[in-house]
Amino acid sequence: MERTLVALWFADIAGYSEHAAKDESGALRLVEILQELASETVPQFRGRVVKFVGDAVLISFSVTAQ
């Protein structure tokens, strides 16, 4: 039987709501940076971006075990 071990990582921008209230365009730029970094970096470690949700990202890393 083949099994898949999965580690999930959920990360968000700390203090995003407060930052957005003070500087909306700057806060949106932070989201763009998070999305760019995750999209570029995660595959290098054999991970997969599952979903971007607002100022957060859900990432999975899986390994097939036999």
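Note: the structure precedes this text.
So, a few notes on the structure that sits alongside this text. All values reported here derive from a predicted model rather than from experimental measurement. (Residues numbered from 1 in each chain as written. Predicted model: local features only at pLDDT ≥ 70, side-chain atom pairs only at ≥ 80, totals over all residues. Heavy atoms only, no water.)

Here's the deal with unusual backbone geometry
Our working rule: Helix and strand labels come from DSSP, where a helix needs a run of H or I of at least four residues and a strand needs a run of E of at least two; each type is numbered from the N terminus. To sort residues, take the accessible area from a 1.4 Å probe on protein chains only and compare it with the maximum for the residue type: under 20% means buried, over 50% means exposed, and anything in between is partly exposed.
Positive phi values are uncommon outside glycine, yet Arg46 reaches one of about 60°. Along the polypeptide, Arg46 turns up in the loop between helix H2 (24-41) and strand S2 (47-53). For Arg46, a relative accessible area of 75% translates into the label exposed.

Structural notes on the sheet that holds strand S1 (residues 3-12)
Heads up, the rule is: Two strands make a pair as long as DSSP finds a minimum of two bridges between them. Each axis is a line fitted through C-alpha atoms, and for a helix only the stretch in contact is used; angles between axes span 0 to 180 degrees, taken between their N-to-C directions. When checking whether two residues touch, look at their non-hydrogen atoms; a contact exists if any pair is within 4.5 Å.
Judged by pairing direction, the sheet is antiparallel, and its 3 strands sit side by side in the order S1-S3-S2 without closing on themselves. Only two strands of the sheet have a single neighbouring strand rather than two, namely S1 and S2. Ignoring which end each strand starts from, the neighbouring axes of this sheet average 20° apart. Pairing analysis gives 10 bridges linking S1 to strand S3 (residues 56-65), with the strands arranged antiparallel. Along S3, the bridge assignment pairs Ala7 with Phe61. Most of the contacts of H2 go to S2, to which it runs at about 160°, and overall it touches S2 and S3.

Brief notes about the pairing of S3
Where a strand is regular, its side chains alternate between the two sheet faces. When S2 meets S3, the two strands line up antiparallel, connected through 6 bridges. Note on S3: the bridge partner recorded for Lys51 is Leu58. Between S2 and S3, which pair antiparallel in sequence order, lie 2 residues; one of them, Gly54, sits at a positive phi of approximately 60°.

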